[in-house]
Every structure is written in C-alpha cells, then in structure tokens.
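Structural description and commentary
Residue-level listing of the chains:
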Amino acid sequence: MKTQKLWTYDFTVITLGSVVSMVGSTLSGFAISLLVLDYTGSTFLYMLFIVSYQLPMLVCPILAGPYLDRMSRKKVIYRLDFLSSGMFLLLFLLLRGGWFHCPVMLLACVLMGSIEGVYHVAYDSFYPNLITEGNFRRAYSVSSMLWPIAAMMTPVAAALYDWLGSAAPIFAVNALCFFTAACFERTIRHQETHMAAAPPADGLGAVKRFGRDLREGLSYIAGEKGLLVITLYFMVSGMSGNGAGSLYLPFFRNNAALFAAWPVAAVTLYTIVSAFSEAGRVAGGFVHYKLKLPTEKKFAIAMTIYALIHLIDAVILFLPIPLMAAVFFLCGLLGVTSYNIRIAATQSYIPDTKRARFNGTFQMLCSLGAILGNLSVGAMAELWPERSIIVGVNVFALAMVYVFMYRGREAVRKVYNRDV
C-alpha cells in the first residue's frame, strides 16, 4: 500500500505554528532565569522560580485531561497562545521601566506554568490526528527538531541581553511569537471527532462526570503495564534530568573564572556550548526522518541510550569546552533517537478518546519528578559544588534505568517494538 503524504496543509500549519510558539517558550524561560539571577543572585531563589513555573504542571495536566477528551483541543491551543501573547506584552511594558517585584513575578511564573501544562496536553493529544496513516515515525522526527531549532535562539537572546543590559526586549519578542503562532493555529482544517466518541453524560453533573473520566483514564494506564512502566521511569529520571540540567547555567555564571580564556561572557559561552545539544537533536531528526530503525530493536536501542546519556551527563562539566560541545552534540543526537521511539510508540498506541487523559497523567508525574529534582538540587547547591551534585543525581538515574526499564522490559517492548 502506498504511503500517504505527510506534509498536508494541517501538518504544515501545525509545524510552522509550533516552531514560532516554541521560540517564545524558550526565550521566556531564559529571560526569567536571567531576571531572577540578576535581581537576587541566589541559586535557591532561581530554583524556586523554576519550581513555581513547574508546580502548576503537577496539577493542570491531569485536571485538563478529562476535559480535553470532551472539548475542542484546537481551540484550547490557539486561545492559550493568544493569552500568552497578552501576558508577555504586559510584562515587557512593565519591565521596560526597570520594574521588578519578586512575588508578582512568582505569580507570573505560576500562570505561565498553568498555561503550559494545559497547552501541552491539548497539543500532544491533537497533533497525532494531523498525521496521515503510516507516517508517525517521520512526523515525530520533524517534531523532535522543533524544540532544538527554537532553543538555538537562546544565544541570540543572550547576545541581546549583553548588548542592551536588560531582559525586557526578550518579552516583547515572546509576545510577537505567541500571537503569530495563534494566528497560524486558527487556520487548521481538521474536524475533531473525539468529542462525539466521549462517554455519555448519563445524567451526571460536571464534577461527577469529571471524576468518572479521570478514574477511567487512570485505570487505563494502570491496566497497561508497558505505559505504566514508561510513565514511572520518566517521572523518576526527570528528577535527575531537570535537577542536573538546571545547574548548568548557575555553574557557568558562578565559575566565570574557569572560562576567562574565552572571549565571551560565561553566560553567553554556556548558551553557545549547550546549543550543540540542540544541533545534535536537529541532526538526529533529519537522520530519523529518513532512517527506519529495526522494529524488533527499538526497545534495546532506547534503553541503551537512557543509560549512556546519564553516564555522559555525570562527567560533562569536567570536560574542556571543545570536548564539552562535542558531547552536548552527541547527547542531543542520542536523545532525539530515544524521544522518537517513545513518543511515536505511545501516541500511536493510545486510543484518541483516552489520549488527553494519558498525556495529562504522564505530564503531571513528570512535572512531579522535575519539581522534586529541582527543589532537592537547589537546596544541595547551597552546600555543595554543582558538579558533585550532577554526578550524584546521574548515578541515581542510572540505577532507575535498571529498576524500571530493564526489569519491565517485556511490557515496554510491546509498546516500543511496533511498526509506526
């Protein structure tokens, strides 16, 4: 049977809109990090702001899932982008005059996290419906390149910050990005059908119906051992990945003397070096767009990559800058390979009528892991050097590969080792 065309109108539009939206999300996180470090100088407060952004993701995804299995995901996506655009425009106007109020910025981070938590569930549940049959692997290869492309704008933002001495203009760019993305997303033509297939109300009120839908979603995950193992592994590995990753910027900023030989500021140097990871992801996306991995080897490849990345992350900050950049590139290449295997397998495996509830639960648990990781690492960073902490959390993550992925290999193979 002839493979259907991947680049339909809807797939093209969602891809273009996603790139623009992701640029805004990347820049907003970078800008807020700089603001907090500049005004407070505290690694713990820096972590607190990250947690305030992540905390709503602990609640919003699982609450949004049952609703998003009953309502238009497309409308939720573009309306949230319009809301984000207005919020960043307001922040730009306030910050342009030198305004900074820590509690208000914390609340802004909470709102951003709430929007992001709902948005990702809606997007992840809507996106598979725009992929034509037989093209999940290629579509998610394209998807895997979007975040890295957006992240490559971070060095530009760092240069703009160094030049102007303020993060305020970055928020103006954010506002434009989200507004443009929303305009793209409104034009998608796909007619959603999952609302009609949702369970009948059966005379239940909104609260009871929500509770029933939530229980059915959790019961589905619990009954699918492969999905359960995948979810739990990414929750605990997220503790190390997010915690360790959030220490890279403070490490460069707090140890600028180590990089005095380089002709750029330490923060800018970090954005350049870390951009090699995103370049690796883009390269990996191109490779996997053309390359089809052996179906029966997908799980083995993914598990090997999980272990290898944790080993590399444990030592990466001990390396000289050129080798560090090369290793960042390798991690990006490996990471996009495992991402493509997981996301294409899980999203094609789950029925459309349950997809939002699974994605909501998955994101909630991953956010829980990220919050615990960032809080723990932030507290430890007040006592120990960043590099020592990163080694410790990656040793923990390596043990989790065995506890979850290796011991649950039979169940996960049934999800991963499929032709999609």
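Our structure is the block above this text.
Residues numbered from 1 in each chain as written. Predicted model: local features only at pLDDT ≥ 70, side-chain atom pairs only at ≥ 80, totals over all residues. Heavy atoms only, no water.

Quick look at the overall build of the chain
The criterion, for reference: Numbered from the N terminus, helices here are DSSP runs of H or I no shorter than four residues, and strands are runs of E no shorter than two. Relative accessibility decides the category of a residue: with a 1.4 Å probe and only protein chains considered, values under 20% of the type maximum give buried, values over 50% give exposed, and everything between is partly exposed. Here, two residues are considered to be in contact whenever any of their heavy atoms come within 4.5 Å of each other. Each accessible area is a Shrake-Rupley estimate made with a 1.4 Å probe; only the visible protein chains count as cover when residues are assessed. Residues counted as positive are Lys and Arg, residues counted as negative are Asp and Glu, and His and the chain ends are not counted. Taken as the charge centre is NZ of Lys, CZ of Arg, CG of Asp or CD of Glu, depending on the residue.
Secondary structure summary: the chain contains 17 helices and zero strands in total. Dimensions along the principal axes, computed over C-alpha positions, put the chain at roughly 60 × 45 × 40 Å. Within the chain, the fraction of its 420 residues that count as buried is 56%. Within the chain, counting contacts between residues at least 6 apart in sequence, those at least 24 apart form 88% of the total. Looking at the chain as shown, the accessible area adds up to about 17800 Å², and 68% of this sits on carbon and sulfur atoms. Of note, the chain has its 33 positive side-chain charges centred 6 Å away from the centre of its 22 negative side-chain charges.

Digging into the environment of Arg96
Here Arg96 shows up in the loop between α4 (73-95) and α5 (102-126). You can call Arg96 exposed: its relative accessible area is 58%. When the C-alpha positions of Arg96 and Ala168 are compared, they lie 5.5 Å apart, and in sequence the two are 72 residues distant.

What about a nonpolar patch on the surface?
Threshold: The patch calculation keeps residues exceeding 30% relative accessible area without a salt bridge and links them within 9 Å when they carry like charges or within 5 Å when they are nonpolar (Val, Leu, Ile, Met, Phe, Trp, Tyr). The salt bridge criterion pairs a side-chain nitrogen of Lys or Arg with a carboxyl oxygen of Asp or Glu, the two atoms within 4 Å.
Taken together, the side chains of Trp262, Val264, Ile272, Phe276 and Phe329 define a hydrophobic patch exposed on the protein surface, amounting to about 400 Å² of accessible area. Along the chain, the position of Phe329 falls in helix α14 (residues 321-349).

Concerning the packing of helix α3 (residues 56-68) against α5
Selection criterion: To obtain each axis, a line is fitted to C-alpha atoms, and for helices this fit is confined to the stretch in contact; angles are then taken between N-to-C directions over 0 to 180 degrees. Angles below 35 degrees are treated as roughly parallel, those above 145 as roughly antiparallel, those between 65 and 115 as roughly perpendicular, and all remaining angles as oblique. The sense of a crossing depends on the near helix, which, turned anticlockwise from the far helix by less than a right angle, makes the crossing left-handed and, turned clockwise, makes it right-handed. Polarity classes work like this: nonpolar for Ala, Val, Leu, Ile, Met, Phe, Trp, Tyr, Cys and Pro, charged for Asp, Glu, Lys and Arg, and polar for all others, with Gly in that last group.
The geometry of α3 relative to α5 is characterised by a closest axis approach of 8 Å and an angle of 40° between their N-to-C directions. On the basis of their axis angle, the class for α3 and α5 is oblique. For α3 against α5, the interelement crossing comes out right-handed. Across the interface between the two elements, Pro56, Met57, Cys60, Pro61, Ala64, Gly65 and Leu68 from α3 touch Val110, Gly113, Ser114, Glu116, Gly117, Val118, Val121 and Ala122 from α5. Tallied by class, residues from the contact of α3 with α5 come to 10 nonpolar, four polar and one charged.

Observations regarding the packing of α5 against helix α15 (residues 352-380)
Two elements in contact, α5 and α15, have axes separated by 9 Å at closest approach and are oriented at 145°. For the element pair α5 and α15, the recorded crossing hand is right-handed. Only Asp352, Arg355, Ala356, Asn359, Gly360 and Gln363 of α15 make contact with α5, whose side of the interface consists of Gly117, His120, Val121, Asp124 and Ser125.

Side note on the pattern of salt bridges
This structure, assessed with the given rule, holds four salt bridges. Asp352 is paired through a salt bridge with Arg73; the nearest N and O atoms lie 2.8 Å apart. Taken as a pair, Asp352 in helix α15 and Arg73 in helix α4 lie far apart in primary sequence, 279 residues in all. Residue classification places Asp352 among the buried positions, given a relative accessible area of 19%.

Observations regarding the environment of Tyr416
Mapped onto the elements of the fold, Tyr416 is located in helix α17 (residues 409-416). Judged by relative accessible area, which is 1%, Tyr416 ranks as buried. With 75 residues separating them in the primary sequence, Tyr416 and Ile341 have C-alpha atoms 6.6 Å apart. The residues contacting Tyr416, other than those within four sequence positions of it, are Ile230, Phe234, Lys298, Phe299, Ala302, Tyr306, Ile341, Arg342, Ala345 and Met405.

Considerations on the packing of aromatic side chains
Under the convention used in this document: Under the pairing criterion, centres of Phe, Tyr and Trp rings, with the six-membered ring standing for Trp, must be within 6.5 Å; the plane angle then separates stacked pairs below 30 degrees from edge-to-face pairs above 60, leaving the rest tilted. A ring has a charge above it when a Lys NZ or an Arg CZ is no more than 6 Å from the ring centre and no more than 35 degrees off the ring normal.
The final tally for this structure, using the stated rule, is 22 aromatic pairs. Ring plane angle 75° and centroid distance 5.0 Å describe the contact between Trp7 and Phe11, whose orientation is recorded as edge-to-face. The partly exposed category is assigned to Trp7, whose relative accessible area is 33%. Aromatic pair Tyr78 and Phe82: ring centres 6.4 Å apart, planes at 85°, arrangement edge-to-face. Within this pair, Tyr78 and its partner Phe82 are both found in helix α4, separated by four residues, close to a single helical turn. Given a relative accessible area of 12%, Tyr78 falls into the buried group. Ring pairs connect the aromatic residues Trp7, Phe11, Tyr119, Tyr123, Tyr127, Phe136 and Tyr140, which therefore count as one cluster. Just above the ring of Tyr9 sits the side chain of Arg189; from NZ or CZ to the centre is 3.7 Å. Just above the ring of Tyr406 sits the side chain of Arg409; from NZ or CZ to the centre is 4.1 Å.

Observations regarding α4
For clarity, the threshold we go by: Multiplying 1.5 Å by the residue count of a helix minus one yields the expected span of that helix. N or O atoms closer than or at 3.5 Å make up a polar contact, with two conditions inside protein: a donor-capable atom paired with an acceptor-capable one, and, for residues adjacent in sequence, both atoms drawn from side chains.
With 23 residues, α4 ought to run about 33 Å at 1.5 Å a step, and its terminal C-alpha atoms sit 33 Å apart, in line with that. Put simply, Ser72 is the residue that caps the front of α4, since its side-chain oxygen is 3.2 Å from the backbone nitrogen of Lys75.

Here's the deal with the side chain of Ser21
Tracing the backbone shows Ser21 in helix α1 (residues 9-40). Excluding residues that lie within four positions of it along the chain, Ser21 makes contacts with Asp81, Tyr119, Phe178 and Ala181.

Comments concerning helix α10 (residues 225-245)
The condition is simple: For a residue, the bend is simply the angle between two axes, fitted respectively to the seven-residue segment ending there and the seven-residue segment starting there.
For α10, spanning 21 residues, the distance from its first C-alpha to its last is 29 Å, which sits close to the expected 30 Å at 1.5 Å a residue. Of all bends in α10, the biggest is about 30°, found at Ser237.

Notes on the nonpolar core
Buried together is how nonpolar side chains tend to be arranged in soluble globular proteins. Quick reminder of the rule: Nonpolar core, defined: a set of buried Ala, Val, Leu, Ile, Met, Phe, Trp, Tyr and Cys residues in which side-chain atoms within 4.5 Å join the residues together.
In terms of nonpolar packing, the biggest core is built from 92 residues, with Phe171 and Phe252 touching the most fellow members. Looking at this core element by element, the count peaks at 13 residues for α1. Those residues in contact with Phe171 that sit more than four places away from it in its chain are Ala31, Ile32, Leu35, Phe88, Leu91, Phe92 and Leu95. Core analysis: the second largest hydrophobic core is formed by 31 residues, Leu293, Tyr306, Phe358 and Met364 among them.

Observations concerning the side chain of Glu192
Inspection of the secondary structure assignment puts Glu192 in the loop between α8 (168-185) and α9 (206-223). Buried charge without a partner: Glu192 forms no salt bridge, and the closest opposite charge is Arg73, 5.2 Å away. A distance of 2.9 Å separates a polar side-chain atom of Glu192 from the backbone nitrogen of Arg73. In this structure the side chain of Glu192 is engaged in a polar contact, spanning 3.5 Å, whose partner is the backbone nitrogen of Lys74. Contact partners of Glu192, with chain neighbours within four places excluded, come to Ser72, Arg73, Lys74 and Phe126.

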